[in-house]
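Close look at the chain arrangement
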Number of protein chains: 2
Amino acid sequence: MQSNLPHLQSIFTTDCVIFGFREGELKVLLIERNEYPFKGWWALPGFFVEHNETIDDAVKRILYEHTGLRGIFMEQLYTFGDLKRHPQGRIITVAYYALLRLDDLKSQPEPVTDYARQAVWHPLNNLPDLAFDHRHIIDKSILKVRRKISYSPIAFELLPEKFTLTQLQQLYEAIWGRKLDKRNFRKKMLNYNILKELPEFQRGVSYRAARLYKLDKRKYAKVFQNELTFSKD
Amino acid sequence: MQSNLPHLQSIFTTDCVIFGFREGELKVLLIERNEYPFKGWWALPGFFVEHNETIDDAVKRILYEHTGLRGIFMEQLYTFGDLKRHPQGRIITVAYYALLRLDDLKSQPEPVTDYARQAVWHPLNNLPDLAFDHRHIIDKSILKVRRKISYSPIAFELLPEKFTLTQLQQLYEAIWGRKLDKRNFRKKMLNYNILKELPEFQRGVSYRAARLYKLDKRKYAKVFQNELTFSKD
DNA sequence: AATATAGTGTGTATTTGTTACACTATTAAA
DNA sequence: TTTAATAGTGTAACAAATACACACTATATT
């Protein structure tokens, strides 16, 4: 079936917007392309989808290659099929976004693939020019994440297992791009009843020791039964 | 580029969940397939995407072929790429949903295409068995529409230009599958400030003449600047 | 002609959620 | 030990969502 109908054949790829959070700001993992077109440009990690491979599987592969991790939160974003998005003909891309705990990374990401010269975390607010329509894809991802964290607290996927409420608030502020009221934020978060207060405190980061919390996954699942996808199989 | 890399070639299609609203219930347009596989089964209208055609364009084509109308509200839903969704090999489908004013239809839909034997509006609550994973696609569409009408009043796309608040409420009730309080519904809708009260009344439908409203498109656009896509170019 | 019915139409009280706002306790660094 | 930075806490005003009860009218049935 693959070869009979050449005018119906299409090549397609996935591109993945991988978000991380560090130093109070959102980061995106970009690769420097080592292939034409756009050789030397920054781009989203992504690759072709094989004809015997699920799209999800292709994304999981890309995530693993770039992070060495499995079980990363990921979700399909949108499929882009403009005729001119790729200079060499119409290539469709199914874009995903993923949320990553940067603390889980052992080291700086080193791309296993050879289509990339390097992979670097870029602050979202200061992105270089990007290949193809990748800037557009990132913008669309942010909008999605922004909307989604207001009805499903996926933000936790960006934090270490144990976190302070201040960290959580800074994360929301980074995603929404505006300051939040500390007391109101805490009230609301604790009212969700999905956080477990830990006996421990975080020391050394700030002047005063800060209470640590972690996500209560049972209650979390109860309240937000939206099927969240993770890149582990 | 199309023929060099056979293992990267995939065939893909779009499938379109076309919703309508009549007699107080949501309807979905289904076709009876005239081709194998699943010949004789009910399925979503959809077709192959040509390699020199935008996905949006393919959907617009399908919408026009089945309704004779342009300018229908449509939005991309999700891209399905399971290996087993099509018995003859992996065919990716980009699913869209569309909202249609049934009153705009001149006549019963007659498929121009010959892959369909007939096209029939089915009540959403009583669907036949469907080909492929089309049932799954429909379910996902409903969830999307349900969520979307709470933050963006796309429901108007299903109503005639002039409508009563009762009709609007019945539509919301059909989409959400639950009764709403009449007074609260009216209050909320009128508070959006996107409805224009008409001097006219609707007679003959109910015992009492009912006030007609129409959408104030300027204010609507101001408040909900979410890029809504319509199938006109 | 009387009556039942289904639909339209309106206001208020209650609850719930959102926002605004200021001080003390603790720790680190000078 | 003094200074500066951050953690942590409660309440009042306001806005929004919800619950709730009744009056009116056109039509259909008896």
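That block above? That's the structure.
Residues numbered from 1 in each chain as written. Chains lettered and ligands numbered in written order. Predicted model: local features only at pLDDT ≥ 70, side-chain atom pairs only at ≥ 80, totals over all residues. Heavy atoms only, no water.

1. Considering the packing of aromatic side chains
Counted under the stated rule, the structure contains 17 aromatic pairs over all chains. Considering the side-chain rings of Y172 of chain B and F185 of chain B, the 5.4 Å spacing of their centres and the 65° angle between planes classify their relative orientation as edge-to-face. Residue Y172 of chain B is located in helix α3 (residues 165-176), and its partner F185 of chain B is located in helix α4 (residues 182-192); the two are separated by 13 residues in the primary sequence. Positioned over the ring face of Y78 of chain A is K140 of chain A, at 3.6 Å from the centre of the ring. One residue, R70 of chain B, lies across the ring of Y64 of chain B, its end atom 3.8 Å from the ring centre. (Phe/Tyr/Trp six-rings, centres within 6.5 Å; stacked < 30°, edge-to-face > 60°. Helix = DSSP H or I, 4+ residues; strand = E, 2+ residues; numbered from the N terminus. Lys NZ or Arg CZ within 6 Å of the ring centre and 35° of its normal.)

2. Let's talk about α3 of chain B
Residue and element names in this part refer to chain B. Over its 12 residues, α3 extends 16 Å from the first C-alpha to the last, a length consistent with the 16 Å expected when each residue adds 1.5 Å. Along α3, the residues that are buried comprise L165, L168, Q169, L171, Y172, E173 and I175. Each element contacted by the buried residues of α3 is listed here: β1 (9-22), β2 (25-33), α2 (134-151), α4, β8 (195-202) and β9 (210-215). (Expected span 1.5 Å × (residues − 1). Buried < 20%, exposed > 50% of the residue type's maximum accessible area, 1.4 Å probe, protein only. Contact = heavy atoms within 4.5 Å.)

3. Structural notes on the relation of the copies chain B and chain A
The operation relating chain B to chain A is a screw motion whose rotation component is 180°, with 0.1 Å of axial translation and a residual RMSD of 0.1 Å. Here the transformation between the copies is reduced to the relation of a two-fold axis. (Least-squares fit on C-alpha atoms with pLDDT ≥ 70 in both.)

4. Quick word on the interface of chain B and chain A
The interface of chain B with chain A comprises 34 residues on the first partner and 33 residues on the second. Carbon and sulfur atoms supply 53% of the area that chain B and chain A bury against each other, a total of about 3200 Å² over both sides. Along the contact surface separating chain B from chain A lie eight residue pairs in polar contact (both at pLDDT 80 or more). Contributing elements (two or more residues each) for the side of chain B that touches chain A: β1, β5 (73-80), β6 (91-99) and α2 of chain B. Of the residues assigned to the side of chain B that touches chain A, the class counts are 17 nonpolar, 12 polar and five charged. (Buried area = accessible area lost by both parts, 1.4 Å probe. Polar contact = N/O pair within 3.5 Å; in protein donor to acceptor, adjacent residues only side chain to side chain. Nonpolar A, V, L, I, M, F, W, Y, C, P; charged D, E, K, R; others polar.)

5. Brief notes about the protein's contact with DNA strand D
The environment of DNA strand D is formed by 17 residues, the closest being K182, R208 and R211 of chain A together with R183 and Y207 of chain B. Near the protein, within 4 Å, the atoms of DNA strand D are sugar or phosphate in 40% of cases. Here a phosphate oxygen of DNA strand D sits 3.3 Å away from a polar atom, N or O, in the side chain of R186 of chain A. Interatomic distance of 2.9 Å between a side-chain N/O atom of N184 of chain B and a base nitrogen of DNA strand D. Contributions of two or more residues to the surface near DNA strand D are made by α4 (182-192) and β9 (210-215) of chain A together with α4 of chain B. Looking at the surface near DNA strand D, the element that brings in the most residues is α4 of chain A, giving four residues. Across the surface near DNA strand D, the residue classes break down as four nonpolar, three polar and 10 charged. (Near = heavy atom within 4 Å.)

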